[in-house]
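Descriptive analysis of the structure
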Amino acid sequence: MPAFEHIEDVTEWLEPLDYAAFWKAVGPYQLVLQDRAFCDAQIARREVEQDLVLDVLKGMARTELTQIFRLKHRIWHPPGAPH
């Protein structure tokens with residue numbers, strides 16, 4: 001499991017995941033997300049596009065992981081600026 005220091009770390013981790021990879025990656029965290037069977041059924045009935053479901057799930061996962069790990073945004077320092 002990756003170590004997250006900032007919210008952006010979670011976002012960067014989630015970004016490349018497709019639908020199947022997403023469920024596998026977040027499984028160990030036992031997040032309270034929409035039920036996968038419900039999501040699968042909506043997609044199968046063509047009620048919602050898979051990409052939209054995945055975008056929403058990633059947002060939910062990012063929010064929950066941010067809360068669990070008490071993450072803050074990464075502070076960007078311009079090159080040469082004092083920290």
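Structure report, in brief. (Residues numbered from 1 in each chain as written. Predicted model: local features only at pLDDT ≥ 70, side-chain atom pairs only at ≥ 80, totals over all residues. Heavy atoms only, no water.)

Let's talk about the packing of helix α1 (residues 7–14) against helix α4 (residues 50–68)
Relative to each other, α1 and α4 sit at 150°, their axes nearing to 10 Å. Considering only the axes of α1 and α4, their crossing is right-handed. Residues I7, V10, T11, W13 and L14 of α1 touch α4, and the partners they reach there are K58, A61, R62, L65 and T66. In the contact of α1 with α4, the residues fall into six nonpolar, two polar and two charged. (Axes fitted to C-alpha atoms, helices over the stretch in contact; angles between N-to-C directions. Helix = DSSP H or I, 4+ residues; strand = E, 2+ residues; numbered from the N terminus. Left-handed = near helix turned anticlockwise from the far one by under 90°. Contact = heavy atoms within 4.5 Å. Nonpolar A, V, L, I, M, F, W, Y, C, P; charged D, E, K, R; others polar.)

Overview of the pattern of salt bridges
Evaluation of the coordinates by the stated rule reveals four salt bridges. One salt bridge in this structure joins R74 and D9, with 2.4 Å as the shortest N-O distance. Taken together, the positions of R74 in the segment after α4 and D9 in helix α1 put the pair 65 residues apart, joining distant regions of the chain. Here D40 makes a salt bridge to R36, at a shortest N to O gap of 3.5 Å. Of this pair, D40 and R36 both sit in helix α3 (residues 36–44), four residues apart, which is roughly one turn of that helix. Owing to a relative accessible area of 32%, D40 belongs among the partly exposed residues under this scheme. (Salt bridge = Lys/Arg side-chain N within 4 Å of Asp/Glu carboxyl O. Buried < 20%, exposed > 50% of the residue type's maximum accessible area, 1.4 Å probe, protein only.)

Regarding the nonpolar core
Among soluble globular proteins, nonpolar side chains are generally buried collectively. Ranked by internal contacts, the top residues of the largest apolar core, which has 22 residues, are W13, L14, Y19, F22, V26, L33 and L57. Secondary-structure elements contributing two or more residues to this core are α1, α2 (19–26), α3 and α4. Not counting the four nearest positions on each side in its chain, W13 is found in contact with P2, F4, A25, V26, Y29 and L65. (Core = buried A, V, L, I, M, F, W, Y, C linked by side-chain atoms within 4.5 Å.)

Thoughts on the packing of aromatic side chains
Remark: the centre distance and the inter-plane angle together describe each pair of aromatic rings, the angle taken between the planes. This structure, assessed with the given rule, holds seven aromatic pairs. On the numbers, 6.2 Å between centres and 80° between planes, the contact of Y19 with W23 is edge-to-face. Highlighted residues: Y19 and W23, both in helix α2, separated by four residues, approximately one helical turn. Residues Y19 and W23 agree in their burial class; the two are buried. Taken together, a centroid distance of 6.3 Å and an interplanar angle of 90° make the contact between Y29 and F69 edge-to-face. Of this pair, Y29 sits in the loop between α2 and α3 while F69 sits in the segment after α4, and the two are 40 residues apart along the sequence. Taking relative accessible area as the criterion, Y29 reaches 10% and is therefore assigned buried. On the basis of relative accessibility, which here comes to 38%, the residue F69 falls in the partly exposed class. (Phe/Tyr/Trp six-rings, centres within 6.5 Å; stacked < 30°, edge-to-face > 60°.)

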